[in-house]
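Observations on the three-dimensional arrangement
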Amino acid sequence: NAGVTQTPKFRVLKTGQSMTLLCAQDMNHEYMYWYRQDPGMGLRLIHYSVGEGTTAKGEVPDGYNVSRLKKQNFLLGLESAAPSQTSVYFCASSHSPGQQNSNQPQHFGDGTRLSIL
Amino acid sequence: AQSVTQPDIHITVSEGASLELRCNYSYGATPYLFWYVQSPGQGLQLLLKYFSGDTLVQGIKGFEAEFKRSQSSFNLRKPSVHWSDAAEYFCAVAPTSYDKVIFGPGTSLSVIP
């Protein structure tokens with residue numbers, strides 16, 4: 001009964017380093033999302049995916065890339081980390097319109113705290 | 001443009017007192033409305049949601065919210081606050097239950113014993 005799992009939970013990077021955040025869900029959800037949370041700004045959508053092999057830009061996509069090679073996984077990549085990307089990153093997933101329980105809202109992971117020095 | 005405002009950045013209440021957290025939204029049609037709670041170091045937990053029908057919705061942990069179309073508001077209430085309610089509360093809107101969610105900036109709640 002894991003739901004949405006994010007790895008790692010914490011990470012410290014130096015400016016210019018690259019890394020990938022992993023999100024895995026076991027609820028057979030079609031839609032997956034990556035948000036970043038910054039003080040006083042709530043959560044802002046970075047990228048999202050409406051199905052395996054598809055991705056789309058959200059509100060703040062610059063500096064990030066994503067991939068959805070498998071339905072259950074949604075990866076968020078930082079190719080060259082910058083201090084402005086210091087944030088808490090949340091992954092979420094939800095059903096699509098055609099799926100059972102499609103009126104249920106998004107399920108969130110516990111977040112990844114990322115610091116860029 | 002769609003947006004969500006939560007006028008109160010931080011609220012402090014005494015344990016046992018009543019609570020109301022304000023939320024206003026800007027959206028062309030009636031959106032789906034949510035309240036989430038985030039405890040320190042945790043992810044977001046859904047408190048309640050409004051899709052249609054009765055404008056007063058009941059959620060978990062004794063919370064309720066009232067949708068007022070004329071005021072574009074979806075305020076969260078609890079009649080008696082417990083110390084464990086101290087957390088960050090986020091109001092959110094979406095065009096559908098599964099679509100991109102727009103979050104408000106959050107209201108931090110502190111509870112005095």
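Data block above holds the structure.
Described below are features of the structure shown in this document. Just so you know, these numbers come straight off a predicted model, no measurement behind them. (Residues numbered from 1 in each chain as written. Chains lettered and ligands numbered in written order. Predicted model: local features only at pLDDT ≥ 70, side-chain atom pairs only at ≥ 80, totals over all residues. Heavy atoms only, no water.)

1. Some thoughts on the interface of chain A and chain B
Counting residues at the interface gives 22 residues for chain A and 19 residues for chain B. The junction of chain A with chain B conceals about 1,600 Å² of combined surface from both sides, 59% of it contributed by carbon and sulfur atoms. Contact with chain B buries surface across chain A, with Leu-43, Pro-105 and Phe-108 of chain A losing the most and accounting together for 29% of the total. Between the two partners, chain A and chain B, sit zero salt bridges. Where the side of chain A that touches chain B is concerned, the elements lending two or more residues are strand 4 (31-38), strand 5 (42-49) and strand 9 (87-94) of chain A. Class assignment of the residues belonging to the side of chain A that touches chain B gives a composition of 11 nonpolar, 10 polar and one charged. (Contact = heavy atoms within 4.5 Å. Buried area = accessible area lost by both parts, 1.4 Å probe. Salt bridge = Lys/Arg side-chain N within 4 Å of Asp/Glu carboxyl O. Helix = DSSP H or I, 4+ residues; strand = E, 2+ residues; numbered from the N terminus. Nonpolar A, V, L, I, M, F, W, Y, C, P; charged D, E, K, R; others polar.)

2. Description of the state of the cysteines
According to the stated counting rule, one finds two disulfides over all chains in the structure shown. Between the sulfur of Cys-23 of chain A and that of Cys-91 of chain A lies a disulfide, 1.9 Å long from S to S. Disulfide Cys-23 of chain A to Cys-91 of chain A: torsion about the S-S bond roughly -75°, handedness left-handed. You can see Cys-23 of chain A sitting in strand 3 (residues 19-25) and its partner Cys-91 of chain A sitting in strand 9, a full 68 residues away along the chain. Neither Cys-23 of chain A nor Cys-91 of chain A differs from the other in exposure class; each is buried. Here Cys-23 of chain B engages in a disulfide with Cys-91 of chain B; their sulfurs sit 1.9 Å apart. Its torsion about the S-S bond being -65°, the disulfide of Cys-23 of chain B and Cys-91 of chain B is classed as left-handed. Of the two residues, Cys-23 of chain B sits in the loop between strand 3 (19-21) and strand 4 (24-26) while Cys-91 of chain B sits in strand 10 (residues 87-94), which places them 68 residues apart along the sequence. (Disulfide = S-S within 2.5 Å. Buried < 20%, exposed > 50% of the residue type's maximum accessible area, 1.4 Å probe, protein only.)

3. Brief notes about the side chain of Lys-78 of chain B
Residue and element names in this part refer to chain B. Examined against the element boundaries, Lys-78 turns out to sit in strand 9 (residues 73-78). The buried category is assigned to Lys-78, whose relative accessible area is 10%. A distance of 2.9 Å separates the side chain of Lys-78 from the backbone oxygen of Lys-61, its partner in a polar contact. Sequence-distant contacts of Lys-78, that is, excluding residues within four places in its chain, are made with Ala-17, Ser-18, Leu-19, Lys-61, Gly-62, Phe-63 and Asp-85. (Polar contact = N/O pair within 3.5 Å; in protein donor to acceptor, adjacent residues only side chain to side chain.)

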